[in-house]
Amino acid sequence: MPYSCVRLRIPWLLLPSKLLSPPGLPAPPCCLQPGPVEGPRKRDSDSCINYTIKYFEDESMEIFWDVREKFPDMNVTMFYKFDEEEWKQCPQYTLHQGYNSVCLLHTEGDRILISIRDTNGTKELYFSDQEKFMFFQPNPPEHVSFQWTDDEVTAKYNPPKFGQCLKLELQYKSKFDKDWQHRKCSGWEIKTQGFDPAICYSFRFRLEFICGVASTSEWGAESFWKNATALDSCAMDESKSNSSTVLILVMTGLLIIFIILLCVCSLQRIRKTLMPVIPDPQNIYSVLFSDHNGNFQEWINTTGNLLAHKMLECVEECVVEEGDGLQVIKA
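Residues numbered from 1 in each chain as written. Predicted model: local features only at pLDDT ≥ 70, side-chain atom pairs only at ≥ 80, totals over all residues. Heavy atoms only, no water.

Student: Summarise the side chain of Glu208; cite the residues concerned and give the values.
Tutor: Relative to the assigned elements, Glu208 resides in strand β16 (residues 201–209). We classify Glu208 as buried; its relative accessible area is 15%. Side chain to side chain, Glu208 and Lys184 meet in a polar contact 3.3 Å long. (Helix = DSSP H or I, 4+ residues; strand = E, 2+ residues; numbered from the N terminus. Buried < 20%, exposed > 50% of the residue type's maximum accessible area, 1.4 Å probe, protein only. Polar contact = N/O pair within 3.5 Å; in protein donor to acceptor, adjacent residues only side chain to side chain.)

Student: Can you break down the pairing of strand β5 (residues 77–82) residue by residue, with the values?
Tutor: With six of its six residues buried, β5 lies for the most part within the structure. Pairing analysis gives six bridges linking β5 to strand β9 (residues 111–117), with the strands arranged antiparallel. Across the sheet, Phe79 pairs through a bridge with Ser115, a residue of β9. Bridging between β5 and strand β6 (residues 88–89) involves two bridges; their strand directions are antiparallel. Its bridge partner lying in β6, Tyr80 is registered against Lys88. The loop that links β5 with its antiparallel partner β6 comprises five residues; one of these, Asp83, has a positive phi angle of about 55°. (Pairing = 2+ DSSP bridges.)

Student: Any details on the pattern of salt bridges? Residues and values, ideally.
Tutor: Taken as a whole, this structure holds five salt bridges when the rule is applied. Glu169 serves as the salt-bridge partner of Arg206, at 3.2 Å between the closest nitrogen and oxygen. In this pair, Arg206 sits in strand β16 while Glu169 sits in strand β13 (residues 166–174), placing the two residues 37 residues apart along the sequence. (Salt bridge = Lys/Arg side-chain N within 4 Å of Asp/Glu carboxyl O.)

Student: Please set out a nonpolar patch on the surface residue by residue, giving values where relevant.
Tutor: Taken together, the side chains of Val246, Leu247, Val250, Met251, Leu254, Ile257 and Leu261 define a hydrophobic patch exposed on the protein surface, amounting to about 680 Å² of accessible area. Topologically, Leu254 is positioned in helix α1 (residues 234–274). (Patch = residues over 30% accessible without salt bridge, like charges linked within 9 Å, V, L, I, M, F, W, Y side chains within 5 Å. Areas by Shrake-Rupley, 256 points an atom, 1.4 Å probe, with all protein chains shown as cover.)

Student: Could you give an account of the environment of Phe205, naming the residues involved and the relevant values?
Tutor: Take Phe205: it is sitting in strand β16. Overall, Phe205 belongs to the buried group, its relative accessible area being 4%. Placed 22 residues apart in sequence, Phe205 and Arg183 show a C-alpha to C-alpha distance of 9.6 Å. In contact with Phe205, not counting residues within four places along its chain, are Pro141, Val144, Phe146, Ala155, Leu168, Glu169, Leu170, Glu218, Trp219 and Gly220. (Contact = heavy atoms within 4.5 Å.)

Student: Any chance you could break down the nonpolar core for me, citing the residues and the numbers?
Tutor: Among the nonpolar cores identified, the biggest contains 48 residues, and Ile63, Trp65, Met78, Leu105, Phe203 and Phe205 are the most heavily contacted of them. A per-element tally of this core places β16 first, with five residues. (Core = buried A, V, L, I, M, F, W, Y, C linked by side-chain atoms within 4.5 Å.)

Student: Can you break down the sheet that holds strand β10 (residues 124–131) residue by residue, with the values?
Tutor: Spatially, the four strands line up as an open sheet ordered β6-β5-β9-β10, and their pairing is antiparallel. Since the sheet does not close on itself, it has two edges, and those belong to β6 and β10, each with one partner. Pairing of β9 with β10, which is carried by seven bridges, proceeds in the antiparallel orientation. Looking across to β10, one finds that Ile114 is bridged to Ser128.

Structure below.
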């Protein structure tokens, strides 16, 4: 399917004054440098330790480090400060195999200084000075809007912050697609053509940060659309289609049965008109041969007596007019 992107420009002045770095800026070295607590710190890239910083939209930050190779028997501590504030120890650690490995904190400025120290916090082992913006970790996009025009879909998203440094990624598929179809744009709007209005599609989105250390969000929750109509799931749409198909088949079957019965009744009427049924005397005169041995006179007398007896049981009312009154005579 062909698609196009719309990139929305935002002046760099909307970003923090210390973070006016154009997209594509090389990522800073992911290591903490050794040095003393006071005085100038030495920059020795061969002595770096691996670490990871994640800065989230809610102004929280996670700092991961791995010093077990260099200090296998030491439970290190972390101190930090933002801008010109005083040093603070990490308020919350996450343990790995009983050792501090992650610090969870809330940001209080744009520039963070990190100091990894020994267990007592008196001797500095490693040091780093970074801008938190460079480690932004976007959340999955929410409230993505859809616009349908015939077979074209336009997806739009308004990021809460750092929009100039985010790319919107789209994936979609239908029940006929084996894998997700992928679209990516350096902006917040994606136009894609070639959708069938009669088919249900699943859509999902994520964001990619491109201005510092590259990072991507998790894929957002799937949304389901069919011809500009939002659905709870494509499975529900298929079940509705199946139910409609079954209902149509049942109604068609009943109609066919009704037509067949109507034809049978019509044929029977036509047959009776053209070829009337001749009664079989065998059933009528069965008593003549079974009870009277073929004696017709005896049989007719018996039958005549039965008819006369039945006639005697009838009551007939006669009305005779006599003068001005009425007289009822029962016979």
